[in-house]
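Topology and contacts: notes
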Amino acid sequence: MHLRLIVPPDRTTRVLDTLVGDPRVTSVVMLPGAARRPAGDVIECDVTREATSDVLTWLKKQGLYDDGSVAVTEVGATPSHNARATERAAPGAPDDAVIWDAVVDQAYNEASGSWAYYAFLTLATMIAAVAVVTDSSILVVGAMVVGPEFGVVAALAVGLALGRGNLTLGALRMLAQGFALAIVLTMLMALLARAAGWIGTADVEAARPLTGFIWRPDRWSAVVAVLAGCAGVLSQTAGRSNALVGVFISVTTVPAAGDLALSAAVWAPDQLGGAAAQLGINLAGMTLAGVVTLLLQRTIWRQFLRRRESRARG
């Protein structure tokens, strides 16, 4: 991980000496007086992923979060011998390390809200509604991929696991508002389609061999939601965002919201309860799994650090 720091001049020597003396840190560069806002000295360095949380915690204690600036970015490749030697100095595997400050910052960004979030969730729900009418499994997958809800679910899990009330409330508000808006707008579009004669109750209540699972949740719905929640949180904490596509395709939140809106518009009461249950099971399962995964990661990593410190003292 690459760190770019703006350090108040009265702390530059202490920060610089500490970074240079840490074998898990390399490529340390200092630019005296280069920063203008906030004013200070610029220090850049590369830190092994396993040591990033330790280094950031120490920098926070030095007041850089309040009086300076800290930026963290991921390094794509470090093919030098010096970088490999630095990596060997840090115990553990890079993917097992969690950079908690980055996880929390990303969670706050997800829970802050944006028009893009509401737009994508609404469009995904409308695509899911069309998938129900046409009984198209391909459109169901498309709606799953377009849906942006997992980032907010992950933010909710982070807020609950780390005891951050404002983050938890912000994520809950985003989920409630997002799905409410998406369902209402999709229902309005379905009412227009019904008025135009495009769809009717029979289209929704007809046998749907490819998409009927959306409104018929079972024990496997909960199992998949839990597994997807674990995989999604792990992909974010380990920096493996490519795994999120599989998470999107696994869960049935957006398709359930689309089925719910369509069933309400054409009044198919037999499917309303099932679609609502599917939506609730998926959201609850992913959130619970995310919380447990985060707590386990934090506990295991703390035990690993304690054992390492005990061996070092011995």
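Being a predicted model, the structure only gives us computed values, none of them experimental.

Another aspect to go through is the overall build of the chain. What the chain contains, in helices and strands, is 14 helices and four strands. Considering only C-alpha atoms, the chain reaches an extent of 75 × 45 × 35 Å along its principal axes. Relative to all contacts within the chain whose residues are 6 or more apart in sequence, the contacts with residues 24 or more apart total 79%. When the accessible area of the chain is evaluated, it comes to approximately 15400 Å², of which 62% is carbon and sulfur surface. If the 25 positive side-chain charges of the chain are averaged to one point and the 25 negative ones to another, these points end up 6 Å apart.

Its 14 residues give helix α8 (residues 149–162) an end-to-end C-alpha distance of 20 Å, which sits within 8% of 20 Å, the value for a rise of 1.5 Å per residue. Of all 14 residues that make up α8, 12 are buried, and the element is covered over most of its length. Along α8, the residues classified as buried are Glu149, Phe150, Gly151, Val152, Val153, Ala154, Ala155, Leu156, Ala157, Val158, Gly159 and Ala161. In the segment just after α8, Gly163 is the residue with positive phi, at about 65°.

This next bit is on the packing of helix α6 (residues 115–134) against helix α7 (residues 137–146). The N-to-C vectors of α6 and α7 enclose an angle of 170°; their axes lie 8 Å apart at closest approach. Judged by the angle between their axes, α6 and α7 are roughly antiparallel. Contacts between α6 and α7 involve Phe120, Ala124, Ile127, Ala128, Val130, Ala131 and Thr134 on the former and, on the latter, Leu139, Val140, Ala143 and Val146. For the contact of α6 with α7, the per-class residue count stands at 10 nonpolar, one polar and no charged.

Attention shifts here to the pattern of salt bridges. Considering all chains together, one arrives at five salt bridges under this definition. A salt bridge links Arg24 to Asp22, with the shortest nitrogen-to-oxygen separation between them at 3.0 Å. Of the two residues, Arg24 and Asp22, both sit in the buried class. Between Arg208 and Asp259 there is a salt bridge whose closest N-O contact spans 2.9 Å. Taken together, the positions of Arg208 in the loop between α10 (201–205) and α11 (219–237) and Asp259 in helix α13 (residues 253–266) put the pair 51 residues apart, joining distant regions of the chain.

Attention now goes to a nonpolar patch on the surface. Judged by side-chain polarity, Leu181, Val184, Leu185, Leu188 and Leu191 come together as a nonpolar surface patch covering roughly 370 Å² of accessible area. Overall, Leu188 belongs to the partly exposed group, its relative accessible area being 45%.

The next thing to look at is the pairing of strand β2 (residues 25–36). Bridge analysis of β2 against strand β3 (residues 39–47) gives seven bridges, and the strand direction is antiparallel. Within β3, the residue paired with Leu31 across the bridge is Val42. Linking β2 back to β3 in an antiparallel pair, the connection comprises two residues.

Another point: the packing of aromatic side chains. For any pair of aromatic rings, geometry is given as the distance between the ring centres together with the angle between the planes. Counting across every chain of the model gives two aromatic pairs. Geometrically, the ring pair formed by Tyr117 and Tyr118 is edge-to-face, given 5.3 Å between the ring centres and 70° between the ring planes. A network of ring pairs unites the aromatic residues Trp115, Tyr117 and Tyr118 as a single cluster.

Another point: the sheet that holds β3. Spatial ordering of the open sheet is given by β2-β3-β1-β4, a layout of four strands whose pairing is antiparallel. What marks the edges here is a single partner per strand, and that holds for β2 and β4 (69–73). Across the sheet, the mean angle from the axis of one strand to that of its neighbour is 15°, orientation sign disregarded. Summarising the sheet, strand β1 (residues 2–7) and β3 pair through six bridges and their orientation is antiparallel. For Ile6, the partnering residue across the bridge sits in β3 and is Val42.

Looking along the chain, the bond that leaves Arg37 and enters Pro38 is cis, with omega of 0°. Turning to its location among the elements, Pro38 is positioned in the loop between β2 and β3. Located in the positive-phi region is Ser27, a residue other than glycine, with phi close to 55°. Mapped onto the secondary structure, Ser27 falls in strand β2. You can call Ser27 partly exposed: its relative accessible area is 41%. A positive phi angle, near 55°, is found at Asp135, a position not held by glycine.

With that settled, consider the environment of Leu175. With respect to the element layout, Leu175 can be found in helix α9 (residues 165–195). Each C-alpha atom, one on Leu175 and one on Ala51, is 34 Å from the other, the two residues being 124 residues apart in sequence. Not counting the four nearest positions on each side in its chain, Leu175 is found in contact with Tyr117, Glu149, Val152, Val153, Leu156 and Leu283.

The rules behind each value
- Residues numbered from 1 in each chain as written.
- Predicted model: local features only at pLDDT ≥ 70, side-chain atom pairs only at ≥ 80, totals over all residues.
- Heavy atoms only, no water.
- Helix = DSSP H or I, 4+ residues; strand = E, 2+ residues; numbered from the N terminus.
- Contact = heavy atoms within 4.5 Å.
- Areas by Shrake-Rupley, 256 points an atom, 1.4 Å probe, with all protein chains shown as cover.
- Lys, Arg positive; Asp, Glu negative; His and termini not counted.
- Charge placed at Lys NZ, Arg CZ, Asp CG, Glu CD.
- Expected span 1.5 Å × (residues − 1).
- Buried < 20%, exposed > 50% of the residue type's maximum accessible area, 1.4 Å probe, protein only.
- Axes fitted to C-alpha atoms, helices over the stretch in contact; angles between N-to-C directions.
- Parallel < 35°, antiparallel > 145°, perpendicular 65-115°, else oblique.
- Nonpolar A, V, L, I, M, F, W, Y, C, P; charged D, E, K, R; others polar.
- Salt bridge = Lys/Arg side-chain N within 4 Å of Asp/Glu carboxyl O.
- Patch = residues over 30% accessible without salt bridge, like charges linked within 9 Å, V, L, I, M, F, W, Y side chains within 5 Å.
- Pairing = 2+ DSSP bridges.
- Phe/Tyr/Trp six-rings, centres within 6.5 Å; stacked < 30°, edge-to-face > 60°.

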